[in-house]
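Topology and contacts: notes
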Amino acid sequence: MNYWLIIVRERTFMEILERGVYGCSDPHCGLLMTRVRRGDRLVVFVSGFGCKSYCKSFTAILEVVGDWAKAKVGNWTGVVYVKPIALGRVELGTIANKLGFVRGRKNITEALHSVDPTNPRATPIPTQDAELIMGEMRRQAEPRPATEILTRRETREAREEVGRAAENIEKLMRELAEIGQILGYHPITNYDTGTYKLTQAWWGSKDEYEEGLAPLAVFETTQNTEQALAKLKHARDKWRGVKTYLITLRPEDTKEIEKALKGSFHELKNKIKTITKEEIEQTNKDLTKHKETIKELTSLRQD
């Protein structure tokens, strides 16, 4: 578990609390989605721009309770579910000299950005610093009331959009698993390697899976392209020779993949095969139609 600092305006802080999601907009999403994972905690800092009550203060500790999804929520293009574990108002000036990530920095701005996950050179907040901020929040009798709130309609629409994105991925993974089963493989969804949860992996058989042998193929989606490529690289490093596939959800994802494969993931170029969401859906439909015949012909055994 890592602690990261997110610097937001007061209005955005209110939106996070009301919607129960935190988000990002391109071009910052790539790095943020790769660094901030389920189980991590976000320390919210409200900047001094356009604020009324929470200026230059730490206002919440949020736990990331989901995986990133590409969904349009307000100005965000990528979102993740979060829940508050501490709320309050801790002015930076009152504890700055006690924070390790502030000491030795030229100024406060440099210090804050040194633990901001959108900064390529940033590192997580030291645990003792995060616990100090959390302790100050919890010592307060109650957090200050929100100065602004979203309408229930805005909140509902945001949650519905995130929910639809997650449901679409779940449906696609069910269809992919059905393809694997029809072809005689043993698919496992959300396989945990200890470092990442792979969206889906196929073994040659149930016995091979239970014996701890390497899978034959690993599949990820472009719901979070940067993270998907990181997972596929991890799979190739862990299991030599494993086939890796990236399922594109939108036509424009191809350009994003090409850009990533020319940059930070250049070593994966020509190592990953892309499949469109529509190809998975059509293949599932075709194979299901002839499922029994396929099973018969792929399970031939000599007498």
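Preceding this section is the structure that the text describes.
Quick summary incoming for the structure in this document. Because the structure is a prediction, the values reported are computed rather than measured. (Residues numbered from 1 in each chain as written. Predicted model: local features only at pLDDT ≥ 70, side-chain atom pairs only at ≥ 80, totals over all residues. Heavy atoms only, no water.)

Counting residues in each nonpolar core, the largest one holds 29 residues, and the members touching the most others are Phe13, Ile16, Tyr22, Leu42, Trp68 and Val82. Those elements that provide at least two residues to this core are β1 (3–8), α1 (10–19), β2 (21–24), α2 (29–35), β3 (41–46), β4 (57–64), β5 (69–73) and β6 (76–91). Per element, the largest residue contribution to this core is 4 residues, and it comes from β6. Excluding residues within four positions of it along the chain, Tyr22 makes contact with Ile6, Ile16, Leu32, Leu42, Trp68, Trp76, Gly78, Val79, Val80 and Val82. The next biggest cluster of nonpolar side chains, apart from the first, holds 23 residues, and it includes Val90, Ile95, Ile125 and Met137. (Core = buried A, V, L, I, M, F, W, Y, C linked by side-chain atoms within 4.5 Å. Buried < 20%, exposed > 50% of the residue type's maximum accessible area, 1.4 Å probe, protein only. Helix = DSSP H or I, 4+ residues; strand = E, 2+ residues; numbered from the N terminus. Contact = heavy atoms within 4.5 Å.)

With that out of the way, let us pick up the state of the cysteines. Scanning the entire structure with this criterion turns up 1 disulfide. The disulfide partner of Cys24 is Cys29, and the gap between their sulfur atoms is 2.1 Å. Disulfide Cys24-Cys29: torsion about the S-S bond near 115°, hence right-handed. According to the relative accessible area criterion, Cys24 is buried, its value standing at 5%. (Disulfide = S-S within 2.5 Å.)

Geometric descriptors of this kind do not, in isolation, establish any biological role.
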